[in-house]
Amino acid sequence: MIDLHVHSTFSDGTLTPTQLVEHAMENHLTAFALTDHDTVDGLGEAFQATEDKPIKVISGIEFSTEYNGQDIHIVGLDFDWRDTSFCQELDHFRNARFERNRKMAEKLADCGFPITIEALQEMFGNAVLTRAHFARFLYEKGCIPSMNDAFFHYIGNDGPCFVPREKVTPAMAVHLIHKLDGIAVLAHPMQYHLSDSQLKELIRTLKPEGLNGIEAMYSRHSVSQENRVRRLAQVMGLAVSGGSDFHGSNIPGIDLGVGRGNLRIPDTTFENLRKHRDRQY
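Described below are features of the structure shown in this document. (Residues numbered from 1 in each chain as written. Predicted model: local features only at pLDDT ≥ 70, side-chain atom pairs only at ≥ 80, totals over all residues. Heavy atoms only, no water.)

Regarding the overall build of the chain
Phase 1 of the analysis: Secondary structure summary: the chain contains ten helices and seven strands in total.
Phase 2 of the analysis: The C-alpha atoms of the chain give 18 Å as radius of gyration, which agrees with the globular expectation for 281 residues (19 Å, within 12%).
Phase 3 of the analysis: For the chain, the spread of C-alpha atoms along the principal axes amounts to about 55 × 45 × 40 Å.
Phase 4 of the analysis: Classification of the 281 residues of the chain by burial places 54% in the buried group.
Phase 5 of the analysis: Put simply, of all contacts in the chain between residues at least 6 apart along the chain, 73% involve residues at least 24 apart.
Phase 6 of the analysis: Within the structure as shown, the chain displays about 12200 Å² of accessible surface, and the carbon and sulfur contribution to it stands at 48%.
Phase 7 of the analysis: One way to put it: in the chain the 28 positive side-chain charges average out to a point 6 Å from where the 38 negative ones average out. (Helix = DSSP H or I, 4+ residues; strand = E, 2+ residues; numbered from the N terminus. Rg over C-alpha atoms; globule rule 2.2 N^0.38 Å. Buried < 20%, exposed > 50% of the residue type's maximum accessible area, 1.4 Å probe, protein only. Contact = heavy atoms within 4.5 Å. Areas by Shrake-Rupley, 256 points an atom, 1.4 Å probe, with all protein chains shown as cover. Lys, Arg positive; Asp, Glu negative; His and termini not counted. Charge placed at Lys NZ, Arg CZ, Asp CG, Glu CD.)

Description of the nonpolar core
Phase 1 of the analysis: Judged by nonpolar contacts, the single largest core of 66 residues is most densely connected at Phe32, Phe63, Ile74, Phe86 and Leu186.
Phase 2 of the analysis: Here this core gets five residues from one element, more than from any other, and that element is strand β3 (residues 56–67).
Phase 3 of the analysis: Aside from chain neighbours lying at most four places away, what touches Phe32 is Asp3, Val6, Leu20, Val21, Ala24, Ile55, Lys56, Val57 and Ile58.
Phase 4 of the analysis: Counting 18 residues, the second-largest nonpolar core is a separate cluster that includes Met104, Leu120, Leu129 and Cys161. (Core = buried A, V, L, I, M, F, W, Y, C linked by side-chain atoms within 4.5 Å.)

Focus on the sheet that holds strand β1 (residues 2–6)
Each strand in a sheet pairs with another by means of backbone hydrogen bonds, the pair being arranged parallel or else antiparallel.
Phase 1 of the analysis: A sheet is described by the order of its strands in space; here seven strands give the open sequence β1-β2-β3-β4-β5-β6-β7, paired in mixed fashion. Unpaired on one side and paired on the other, β1 and β7 (239–243) mark the two borders of the sheet. Here the average twist between neighbouring strands, direction ignored, is 35°.
Phase 2 of the analysis: With five bridges joining them, strand β6 (residues 211–218) and β7 adopt parallel strand pairing. (Pairing = 2+ DSSP bridges. Axes fitted to C-alpha atoms, helices over the stretch in contact; angles between N-to-C directions.)

Considerations on the pattern of salt bridges
Should their charged atoms come close, side chains of opposite charge can pair.
Phase 1 of the analysis: Counted under the stated rule, the structure contains 15 salt bridges.
Phase 2 of the analysis: Here Asp78 ties to Arg274 by a salt bridge, and the two come within 3.1 Å at their closest N and O atoms. With Asp78 in the loop between β4 (70–77) and α3 (84–110) and Arg274 in helix α10 (residues 268–280), the pair connects residues that are 196 residues apart, well separated along the chain.
Phase 3 of the analysis: Overlapping salt bridges, with partners in common, bring together Asp78, Arg274, Arg277 and Asp278 in one network. (Salt bridge = Lys/Arg side-chain N within 4 Å of Asp/Glu carboxyl O.)

Quick word on the packing of aromatic side chains
Pairs of aromatic rings are described using the distance from one ring centre to the other and the angle between the two planes.
Phase 1 of the analysis: Per the stated rule, a full pass over the model turns up three aromatic pairs.
Phase 2 of the analysis: A centroid spacing of 6.0 Å and a plane angle of 10° characterise the contact between Phe47 and Trp81, whose relative ring orientation is stacked. Of this pair, Phe47 sits in helix α2 (residues 43–49) while Trp81 sits in the loop between β4 and α3, placing them 34 residues apart in sequence. (Phe/Tyr/Trp six-rings, centres within 6.5 Å; stacked < 30°, edge-to-face > 60°.)

A word on the pairing of β6
Residues in a regular strand point their side chains to alternate faces of the sheet.
Phase 1 of the analysis: Summarising burial for β6: eight of the eight residues are buried, a large majority.
Phase 2 of the analysis: Sheet analysis places strand β5 (residues 183–186) next to β6, joined by three bridges and oriented parallel. Paired with Ala184 across the bridge in β6 is Leu211.
Phase 3 of the analysis: As a crossover connection, the stretch from β5 through helix α8 (residues 196–206) into β6 is right-handed.
Phase 4 of the analysis: Once the chain exits β6 it traverses helix α9 (residues 223–236) before rejoining the sheet at β7, and the crossover so formed is right-handed. (Right-handed = clockwise from strand over helix to strand, strands pointing away.)

Regarding unusual backbone geometry
Phase 1 of the analysis: Positive phi is not limited to glycine here, since His28 has a value of about 65°.
Phase 2 of the analysis: Mapped onto the elements, His28 comes out in the loop between α1 (17–26) and β2 (31–34).
Phase 3 of the analysis: According to the relative accessible area criterion, His28 is exposed, its value standing at 67%.
Phase 4 of the analysis: Of note in the backbone geometry, His188 takes a positive phi value of approximately 25° without being a glycine.
Phase 5 of the analysis: In this fold, His188 is placed in the loop between β5 and α8.
Phase 6 of the analysis: By relative accessible area, which is 6% here, His188 ends up buried.

Pasting the structure below:
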(Lines give C-alpha, C1' and ligand atoms only; values in the text may rest on other atoms or scores of the structure.)
Protein backbone atom coordinates (compact mmCIF):
# COMPACT_ATOMS: atom_id res chain seq x y z
CA MET A 1 0.00 0.00 0.00
CA ILE A 2 1.07 3.59 -0.67
CA ASP A 3 -0.12 7.14 0.04
CA LEU A 4 0.17 9.90 -2.58
CA HIS A 5 -1.01 12.89 -0.51
CA VAL A 6 0.82 13.61 2.75
CA HIS A 7 1.82 16.77 4.66
CA SER A 8 4.66 17.52 7.07
CA THR A 9 5.66 20.34 9.41
CA PHE A 10 7.07 22.16 6.39
CA SER A 11 3.47 23.13 5.59
CA ASP A 12 0.48 22.33 7.80
CA GLY A 13 1.22 18.83 9.09
CA THR A 14 2.36 18.04 12.62
CA LEU A 15 4.95 15.33 11.88
CA THR A 16 8.41 16.07 10.52
CA PRO A 17 9.47 14.34 7.29
CA THR A 18 11.61 11.94 9.36
CA GLN A 19 8.66 11.12 11.61
CA LEU A 20 6.50 10.54 8.53
CA VAL A 21 8.96 7.95 7.24
CA GLU A 22 8.88 6.16 10.60
CA HIS A 23 5.08 6.32 10.80
CA ALA A 24 4.70 5.10 7.22
CA MET A 25 6.76 2.03 8.04
CA GLU A 26 4.68 1.43 11.17
CA ASN A 27 1.61 1.47 8.91
CA HIS A 28 3.29 -0.99 6.51
CA LEU A 29 3.44 1.37 3.53
CA THR A 30 5.96 0.76 0.76
CA ALA A 31 5.96 4.38 -0.43
CA PHE A 32 4.42 7.79 0.16
CA ALA A 33 4.54 11.18 -1.54
CA LEU A 34 5.36 14.23 0.56
CA THR A 35 3.05 16.88 -0.89
CA ASP A 36 3.44 19.98 1.26
CA HIS A 37 1.63 23.15 0.22
CA ASP A 38 3.61 25.26 -2.27
CA THR A 39 6.98 24.01 -0.96
CA VAL A 40 9.47 21.19 -1.47
CA ASP A 41 11.65 22.19 1.48
CA GLY A 42 10.90 18.98 3.40
CA LEU A 43 11.87 16.59 0.62
CA GLY A 44 15.61 16.60 1.38
CA GLU A 45 15.00 15.43 4.95
CA ALA A 46 12.45 12.86 3.79
CA PHE A 47 14.78 11.29 1.24
CA GLN A 48 17.62 11.22 3.75
CA ALA A 49 15.37 9.51 6.30
CA THR A 50 14.67 6.64 3.88
CA GLU A 51 18.32 5.69 3.40
CA ASP A 52 18.76 1.97 4.10
CA LYS A 53 15.04 1.65 4.89
CA PRO A 54 12.45 -0.48 3.04
CA ILE A 55 10.31 2.45 2.01
CA LYS A 56 10.34 4.98 -0.82
CA VAL A 57 9.57 8.70 -0.77
CA ILE A 58 8.08 10.18 -3.94
CA SER A 59 8.78 13.83 -4.65
CA GLY A 60 5.58 15.83 -4.37
CA ILE A 61 3.92 19.18 -3.82
CA GLU A 62 0.37 20.50 -3.47
CA PHE A 63 -0.36 23.76 -5.23
CA SER A 64 -3.23 25.88 -3.93
CA THR A 65 -4.75 27.76 -6.85
CA GLU A 66 -7.82 29.85 -7.66
CA TYR A 67 -10.52 28.92 -10.17
CA ASN A 68 -13.77 30.88 -10.50
CA GLY A 69 -13.35 32.32 -7.02
CA GLN A 70 -12.57 29.14 -5.09
CA ASP A 71 -9.57 27.09 -4.03
CA ILE A 72 -8.55 24.24 -6.36
CA HIS A 73 -5.62 22.05 -5.33
CA ILE A 74 -3.21 20.41 -7.76
CA VAL A 75 -0.84 17.69 -6.58
CA GLY A 76 2.47 17.26 -8.40
CA LEU A 77 4.31 13.92 -8.19
CA ASP A 78 7.59 12.40 -9.33
CA PHE A 79 9.28 15.54 -10.66
CA ASP A 80 12.74 17.13 -10.47
CA TRP A 81 12.23 19.16 -7.30
CA ARG A 82 15.81 20.52 -7.42
CA ASP A 83 15.34 22.20 -10.82
CA THR A 84 16.54 25.81 -10.55
CA SER A 85 13.84 27.33 -12.75
CA PHE A 86 11.18 25.44 -10.81
CA CYS A 87 12.40 26.88 -7.51
CA GLN A 88 12.24 30.37 -9.01
CA GLU A 89 8.70 29.87 -10.33
CA LEU A 90 7.67 28.48 -6.95
CA ASP A 91 8.31 31.93 -5.51
CA HIS A 92 5.33 33.19 -7.54
CA PHE A 93 3.03 30.71 -5.80
CA ARG A 94 4.47 31.58 -2.40
CA ASN A 95 4.06 35.30 -2.97
CA ALA A 96 0.40 34.80 -3.89
CA ARG A 97 -0.10 32.74 -0.74
CA PHE A 98 1.61 35.38 1.43
CA GLU A 99 -0.60 38.15 0.05
CA ARG A 100 -3.69 36.06 0.67
CA ASN A 101 -2.60 35.27 4.23
CA ARG A 102 -1.93 38.94 4.93
CA LYS A 103 -5.43 39.92 3.83
CA MET A 104 -7.00 37.07 5.79
CA ALA A 105 -5.12 38.07 8.96
CA GLU A 106 -6.35 41.63 8.51
CA LYS A 107 -9.96 40.47 8.19
CA LEU A 108 -9.68 38.32 11.31
CA ALA A 109 -8.10 41.22 13.19
CA ASP A 110 -11.02 43.41 12.12
CA CYS A 111 -13.29 40.82 13.76
CA GLY A 112 -11.43 41.33 17.02
CA PHE A 113 -8.96 38.43 16.98
CA PRO A 114 -5.38 39.05 18.19
CA ILE A 115 -3.74 37.80 15.00
CA THR A 116 -1.04 39.13 12.67
CA ILE A 117 1.23 37.55 10.07
CA GLU A 118 4.17 38.20 12.41
CA ALA A 119 2.43 36.38 15.27
CA LEU A 120 1.67 33.41 13.00
CA GLN A 121 5.28 33.23 11.86
CA GLU A 122 6.48 33.43 15.45
CA MET A 123 4.29 30.46 16.40
CA PHE A 124 4.94 28.29 13.33
CA GLY A 125 8.45 29.27 12.25
CA ASN A 126 9.32 28.77 8.59
CA ALA A 127 6.33 26.59 7.73
CA VAL A 128 4.30 27.61 4.68
CA LEU A 129 1.23 29.14 6.32
CA THR A 130 -2.18 27.69 5.45
CA ARG A 131 -5.67 28.12 6.83
CA ALA A 132 -4.94 25.24 9.21
CA HIS A 133 -2.27 27.43 10.83
CA PHE A 134 -4.81 30.24 11.25
CA ALA A 135 -7.20 27.79 12.89
CA ARG A 136 -4.49 26.34 15.14
CA PHE A 137 -3.38 29.83 16.18
CA LEU A 138 -6.89 30.93 17.13
CA TYR A 139 -7.49 27.68 19.01
CA GLU A 140 -4.17 27.84 20.89
CA LYS A 141 -4.91 31.46 21.87
CA GLY A 142 -8.28 30.41 23.30
CA CYS A 143 -10.26 32.44 20.79
CA ILE A 144 -12.37 29.53 19.50
CA PRO A 145 -13.54 26.23 21.03
CA SER A 146 -12.12 24.06 18.22
CA MET A 147 -10.12 24.34 15.02
CA ASN A 148 -13.20 23.36 13.03
CA ASP A 149 -14.94 26.40 14.46
CA ALA A 150 -12.47 28.64 12.61
CA PHE A 151 -13.43 27.13 9.28
CA PHE A 152 -17.14 26.95 10.03
CA HIS A 153 -17.53 30.55 11.19
CA TYR A 154 -14.63 32.54 9.73
CA ILE A 155 -12.17 31.14 7.15
CA GLY A 156 -14.13 28.47 5.30
CA ASN A 157 -14.87 29.17 1.65
CA ASP A 158 -18.11 30.95 2.59
CA GLY A 159 -16.74 32.60 5.73
CA PRO A 160 -16.52 36.37 6.22
CA CYS A 161 -12.71 36.27 6.55
CA PHE A 162 -12.05 33.96 3.60
CA VAL A 163 -9.81 35.36 0.87
CA PRO A 164 -9.47 33.45 -2.43
CA ARG A 165 -6.12 32.92 -4.04
CA GLU A 166 -5.12 35.56 -6.56
CA LYS A 167 -3.44 35.23 -9.95
CA VAL A 168 -2.35 31.58 -9.60
CA THR A 169 -4.57 29.29 -11.67
CA PRO A 170 -4.82 25.48 -11.79
CA ALA A 171 -3.56 25.57 -15.37
CA MET A 172 -0.41 27.38 -14.25
CA ALA A 173 0.29 24.69 -11.65
CA VAL A 174 -0.34 21.81 -14.06
CA HIS A 175 1.83 23.46 -16.71
CA LEU A 176 4.69 23.90 -14.25
CA ILE A 177 4.53 20.24 -13.15
CA HIS A 178 4.35 19.16 -16.80
CA LYS A 179 7.47 21.20 -17.62
CA LEU A 180 9.35 19.16 -15.02
CA ASP A 181 8.18 15.85 -16.53
CA GLY A 182 6.08 15.33 -13.41
CA ILE A 183 2.64 13.88 -12.79
CA ALA A 184 -0.17 16.38 -12.28
CA VAL A 185 -3.24 15.32 -10.30
CA LEU A 186 -6.47 17.15 -9.49
CA ALA A 187 -6.75 16.73 -5.71
CA HIS A 188 -9.93 15.77 -3.77
CA PRO A 189 -12.39 16.82 -6.51
CA MET A 190 -15.50 16.18 -4.41
CA GLN A 191 -14.42 18.82 -1.89
CA TYR A 192 -15.12 21.60 -4.41
CA HIS A 193 -18.85 20.80 -4.69
CA LEU A 194 -18.82 21.13 -8.47
CA SER A 195 -21.31 19.43 -10.75
CA ASP A 196 -20.11 16.79 -13.21
CA SER A 197 -20.34 19.32 -16.03
CA GLN A 198 -18.31 21.87 -14.05
CA LEU A 199 -15.66 19.27 -13.20
CA LYS A 200 -15.47 18.21 -16.83
CA GLU A 201 -15.01 21.82 -17.90
CA LEU A 202 -12.19 22.25 -15.37
CA ILE A 203 -10.50 19.08 -16.61
CA ARG A 204 -10.85 20.22 -20.23
CA THR A 205 -8.90 23.37 -19.38
CA LEU A 206 -6.17 21.39 -17.59
CA LYS A 207 -5.57 18.42 -19.91
CA PRO A 208 -3.78 20.48 -22.60
CA GLU A 209 -1.40 21.67 -19.88
CA GLY A 210 -0.59 18.09 -18.87
CA LEU A 211 -3.14 16.91 -16.29
CA ASN A 212 -2.60 13.19 -15.74
CA GLY A 213 -4.89 12.08 -12.95
CA ILE A 214 -7.68 12.77 -10.51
CA GLU A 215 -7.81 11.78 -6.84
CA ALA A 216 -10.54 9.17 -6.45
CA MET A 217 -9.32 7.32 -3.35
CA TYR A 218 -9.47 9.92 -0.60
CA SER A 219 -10.10 9.93 3.15
CA ARG A 220 -13.25 12.04 2.93
CA HIS A 221 -14.79 10.42 -0.14
CA SER A 222 -17.74 8.12 0.35
CA VAL A 223 -17.98 4.96 -1.73
CA SER A 224 -20.42 6.68 -4.09
CA GLN A 225 -18.13 9.69 -4.43
CA GLU A 226 -15.12 7.51 -5.19
CA ASN A 227 -17.13 5.65 -7.84
CA ARG A 228 -18.29 8.97 -9.31
CA VAL A 229 -14.69 10.15 -9.63
CA ARG A 230 -13.59 6.83 -11.14
CA ARG A 231 -16.30 7.09 -13.80
CA LEU A 232 -15.30 10.68 -14.50
CA ALA A 233 -11.64 9.66 -14.85
CA GLN A 234 -12.59 6.98 -17.36
CA VAL A 235 -14.74 9.36 -19.41
CA MET A 236 -12.11 12.11 -19.39
CA GLY A 237 -9.12 9.86 -20.06
CA LEU A 238 -7.36 10.35 -16.72
CA ALA A 239 -5.55 7.98 -14.42
CA VAL A 240 -6.81 7.52 -10.85
CA SER A 241 -4.78 8.69 -7.86
CA GLY A 242 -5.27 8.36 -4.12
CA GLY A 243 -4.10 9.80 -0.84
CA SER A 244 -5.05 10.24 2.79
CA ASP A 245 -4.29 13.99 2.94
CA PHE A 246 -2.62 13.21 6.27
CA HIS A 247 -1.89 16.26 8.45
CA GLY A 248 -1.21 14.59 11.79
CA SER A 249 -3.12 16.08 14.73
CA ASN A 250 -4.22 19.08 12.65
CA ILE A 251 -6.89 16.84 11.08
CA PRO A 252 -7.79 14.22 13.71
CA GLY A 253 -9.19 10.86 12.66
CA ILE A 254 -7.20 10.59 9.43
CA ASP A 255 -4.13 8.36 9.53
CA LEU A 256 -1.27 7.95 7.09
CA GLY A 257 -2.08 5.44 4.37
CA VAL A 258 -5.43 4.36 5.77
CA GLY A 259 -7.40 7.59 6.08
CA ARG A 260 -10.33 6.94 8.40
CA GLY A 261 -9.45 3.25 8.49
CA ASN A 262 -10.80 2.02 5.18
CA LEU A 263 -8.46 3.69 2.66
CA ARG A 264 -6.38 1.28 0.58
CA ILE A 265 -4.16 2.59 -2.23
CA PRO A 266 -2.25 -0.16 -4.07
CA ASP A 267 1.21 0.56 -5.47
CA THR A 268 -0.18 -0.04 -8.97
CA THR A 269 -1.89 3.36 -8.60
CA PHE A 270 1.46 5.14 -8.89
CA GLU A 271 2.58 2.83 -11.69
CA ASN A 272 -0.55 3.67 -13.70
CA LEU A 273 -0.02 7.41 -13.14
CA ARG A 274 3.53 7.10 -14.44
CA LYS A 275 2.34 5.20 -17.51
CA HIS A 276 -0.20 7.94 -18.23
CA ARG A 277 2.54 10.56 -17.85
CA ASP A 278 4.96 8.63 -20.07
CA ARG A 279 2.37 8.42 -22.86
CA GLN A 280 2.22 12.22 -22.91
CA TYR A 281 5.98 12.73 -23.31
